[in-house]
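In case you want the letters, here they are:
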Amino acid sequence: MTMYRRPILYFLIPILLLAAGCSTTRVIPEGESRLVQNEIQVLNDKNYQVSGLEPYIRQKPNTQFLFGLNPFLSIYNWSNGKNRGWDKFVKTMGQEPVIFDKTLTESSVENLQNHLVYQGYYNSQVKDSIVTAKKKTTVFYNITLGKQYSIDSTEYVIEDNSLAKNFYGDSLQNLIKRGDVLSENFLNEASERIAGKLRDQGYFGFSKNYLFFTADTIGRDGKANLKIEIKNYSRNESPKEARPHRIYHYGKVTMHPMRKPTNPLIYTFVGDSVVATPAMNLNTPTDSTIYNGINIKYRNSLILRKRAMTRMSYVRPGEVYNEQQVSDTYQRLSNLNLFSSVNIQMDPVDSNTVDCTMKLTASELQGYKLGLESSINSTGLFGISPSISYYHKNLFHGAELLSVNLMGDFQFGWNNNKRANEFGISTSLSTPNFLLLPDRIFKSTNIPRTEFAISYNFQERPEYRRNIISGSYSYVWNSRERFFFKVSPLQVNIVKLYNLKPDFYESLKDPFLKNSYKDHFDMGLGTSFYYTTDASPRPAHSYFYMRWQNDLSGNLLSLFNGVMKKNENGERLIWDSPYSQYYRTEISTVYTWKLGKKENHSIAARFLAGVGVGYGNSLSMPFEKLFWAGGAYSLRAWQARTVGPGYAQIDTTFTIPNQTGDMRLEANIEYRFPLFWNFEGAVFMDAGNVWNIKDHTEEGEERREGLFRFNNFYRHIAADWGFGIRLDLNFVLLRLDMGIKLYDPAENDWKGPASFLDKGNYGVQFGVGYPF
């Protein structure tokens, strides 16, 4: 009974404390109220999507979450009005209530009416109803939709015969057709599409303002006859200013790459390379050369190969102007990652010629990045993981990206001789094309890349030494700056163990774990998929991302089982080592809500799941592919690899804990808020564990603590809570978190709020960047 009373007591106390200050209106002055809800009701159409009207409401209530509650609104109401100490703290951590403003409601009614007309609902009625009780206000917007008209027939009148020929030849008249709903919104979108299509046909400067619409709805019972005129003068001009529409061709096409706005680089082609050097300014007299008609001014210095530059541009002198080509060229130059800014300027020089000037500001071609992760727990085990990486964006003068990374991982005890060391070096080279595959299989704006990577890793632990050599060949590309793909047709790992202590190996009672501690050869393929709603480095608004990774190994090698040697366990061998055969998948989803007027408060939540299974030539996955939990980016009350599997005790066979499993589940939530200067605060909760999915037992033994079972796995989920402080230096975010155990499945024990005072019940983590 005691075991169950303790968690109830520990959770009841903070709930009661929160309930004691749960008022969300205490700080609101008399005669005013807090806006708690806007409710939009469409009275005559239950299927109408009211979510599309919400942006037109001027005043929004405080954000709600956690079953419609906002605990940070309650925290703000704990303030005492003295604007010192405690008052400043709760106002910083909490969220200020939104004070209801009736004038904004009136503006919202007008906005809604105007938007409904824009959508084609004519003579709609919008009425507001305000209900206030106990300083809480709900505003109801009651809407009766007006009448809509559908297009019954269309008539086109085009003054320019040459333009009319191109218009009908491209079937542009089908962009507005019978049955479409008549609205200003629809006509605006259709005219934009028509204008864009005509600009792609060479009509530089053509805009939607050359299209005129006349609708006849009199006596037509919800129908409209639509007349579309394309005139030789715009809506802002008079008929006297009419002039024929002309097809433009590219004139001069010039590239002006610049290292700095005041110190440009001038390009020229010399042999097979493009040579670029600093010039005083763009007006400085320089030599020049022409390649593919592109005028590239130069002096002498930074080298870029001719092919690497010219394949980025679709704009060629003498060809018909095409706006889509210009846009695609802009995207390709930007995606090359050699330039911090790209500006393409189009200048008409006569009635049918337009010059193109590309101004490209170069970014730093070389640089380095530093990383550091460290942790310490109350048992005195300390870990530190430094890393440094170097990159070069133009190694062979063709936008090839070289990356070299050095890392270390060191763990040791303060008061004992526990030691574990790990060193690694990895390098990758990425080229801006698809080797062995044509680039045309991708969209014209995409820069597909081929990546070659190789790495070496050395691990030294009291029980063994391990060497891992890895290599891979990958294709990398993206779509619409939201979908990112990586496919590795070849991934190879060679793992060799040395100085494996016999007593350690024999003490391993789990046959699947034993299988992981031996030499092996790993060859297979991998995929990685990443989706995000905002790919910018520092999203300003709420965003979501998902990452899904897969590894499949050994299947190709298994085709040659018949000609391979076997060991005493029946495993097929390559170079006297068994090859690994397994499948592994891992998915992570993260949503970050931005809160507050300045959106400088946020709540981030993550869910992560992964599973892997060995089959065929392998009893289990190789050790380096097993899942683990804990550390600065996982369960922060535990050090890395000290949780699970399941409710298993720490395996004392290892001098330094090394708990792993075939499966991982984890969920995290974190509230981030500003403190002062560039410091941020955070409170968080983590929950999760690793498990085994196979019965890792030997005959006569009961070692099933780590086995995943659907009917009871939730009882073995480790949980912690904690708080942290972050220093945001714009170019890097430094993070210090303290995690405190709530529930430890190995002890089957719920911890109290003061559990961090007990040995082994907390962890301090240092990291770079947010944990997720």
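Owing to the predicted nature of the structure, the values given are computational and were not obtained by experimental measurement.

Some thoughts on the packing of aromatic side chains
In total, this model carries 34 aromatic pairs according to the counting rule given. Between W477 and F485, the aromatic rings sit 5.2 Å apart at their centres with planes inclined by 15°, giving stacked as the arrangement. Through pairs of rings, three or more aromatic residues link up here, namely F434, F452, Y473, Y475, W477, F483, F485, F529, Y531, F544, Y591 and W593. Residue placement shows K231 over the ring face of F212; its charged tip is 4.9 Å from the ring centre.

Quick word on the sheet that holds strand β2 (residues 125-133)
One open sheet holds the three strands; their spatial order is β1-β3-β2, and the pairing between them is mixed. Of all the strands in the sheet, the pair left with one neighbour each is β1 (34-42) and β2. Shown here is a sheet whose adjacent strand axes are inclined to one another by a mean of 15°, direction ignored. Pairing of β1 with strand β3 (residues 136-144) involves eight bridges; the strand directions are parallel. Residue pairing across strands places V42 opposite I143, the latter belonging to β3. Across the sheet, helix α4 (residues 102-119) lies against β2 and β3, angled at about 155° from β2, the strand it touches most.

Quick notes on the pairing of β2
When β2 meets β3, the two strands line up antiparallel, connected through nine bridges. Bridged to K127 within β3 is N142. The turn joining β2 and β3, which pair antiparallel and follow one another in sequence, is formed by two residues; a positive phi near 55° is taken by K134.

Structural notes on unusual backbone geometry
Each neighbour pair has its own omega, and for G644 with P645 the value is -5°, a cis peptide bond. By secondary structure assignment, the location of P645 is in the loop between β28 (601-614) and β29 (663-674). The phi angle at K134 is positive, at roughly 55°, despite the residue not being glycine. Tracing the backbone through its elements, the reader meets K134 in the loop between β2 and β3. Even without glycine at this site, R641 takes up a positive phi of about 70°. Residue R641 is classed as partly exposed on the basis of its relative accessible area, which comes to 23%.

Here we look at the pattern of salt bridges
Throughout the structure, instances matching the rule amount to 29 salt bridges. With its nearest N and O atoms 3.3 Å apart, the salt bridge here joins D152 to R178. Of the two residues, D152 sits in strand β4 (residues 149-158) while R178 sits in the loop between α5 (161-169) and β5 (181-182), which places them 26 residues apart along the sequence. Take D152: its relative accessible area is 28%, and that puts it in the partly exposed class. On the basis of relative accessible area, R178 is assigned to the exposed category, the value being 65%. The shortest N-O distance in the salt bridge between D180 and K177 comes to 3.9 Å. For D180, a relative accessible area of 15% translates into the label buried. Overlapping salt bridges, with partners in common, bring together R636, E670, R672, D686, R726, R735 and D737 in one network.

Remarks on the nonpolar core
Grouped together as the largest cluster of nonpolar side chains are 24 residues, with contacts concentrated most on L163, F167, I176 and F206. Going through the elements one at a time, β4, α5, α6 (184-200) and β7 (223-230) are the ones with two or more residues in this core. Ignoring any residue separated from it by four or fewer positions in sequence, one finds I176 in contact with I151, T154, Y156, F186, A190, I194, F213, L226 and I228. With 23 residues, the next largest nonpolar core counts V253, M312, Y321 and I344 among its residues.

Description of the pairing of β29
β29 sits mainly inside the fold: nine of its twelve residues count as buried. By the bridge criterion, ten bridges tie β28 to β29 in an arrangement that is antiparallel. Its bridge partner being in β29, A604 is matched across the sheet by E670. Where β29 hands over to strand β30 (residues 679-691), the hairpin turn is made up of four residues, of which W677 adopts a positive phi near 45°.

What about a nonpolar patch on the surface?
On the surface, a cluster of nonpolar side chains totalling about 770 Å² of accessible area is made up of Y368, L370, I388, Y390, L406, I425, Y456 and I469. Within the secondary structure, L370 sits in strand β16 (residues 366-377). For L370, a relative accessible area of 59% gives the class exposed.

Conventions and cut-offs
- Residues numbered from 1 in each chain as written.
- Predicted model: local features only at pLDDT ≥ 70, side-chain atom pairs only at ≥ 80, totals over all residues.
- Heavy atoms only, no water.
- Phe/Tyr/Trp six-rings, centres within 6.5 Å; stacked < 30°, edge-to-face > 60°.
- Lys NZ or Arg CZ within 6 Å of the ring centre and 35° of its normal.
- Pairing = 2+ DSSP bridges.
- Helix = DSSP H or I, 4+ residues; strand = E, 2+ residues; numbered from the N terminus.
- Axes fitted to C-alpha atoms, helices over the stretch in contact; angles between N-to-C directions.
- Contact = heavy atoms within 4.5 Å.
- Buried < 20%, exposed > 50% of the residue type's maximum accessible area, 1.4 Å probe, protein only.
- Salt bridge = Lys/Arg side-chain N within 4 Å of Asp/Glu carboxyl O.
- Core = buried A, V, L, I, M, F, W, Y, C linked by side-chain atoms within 4.5 Å.
- Patch = residues over 30% accessible without salt bridge, like charges linked within 9 Å, V, L, I, M, F, W, Y side chains within 5 Å.
- Areas by Shrake-Rupley, 256 points an atom, 1.4 Å probe, with all protein chains shown as cover.

That's the geometry; what it means functionally is another story.
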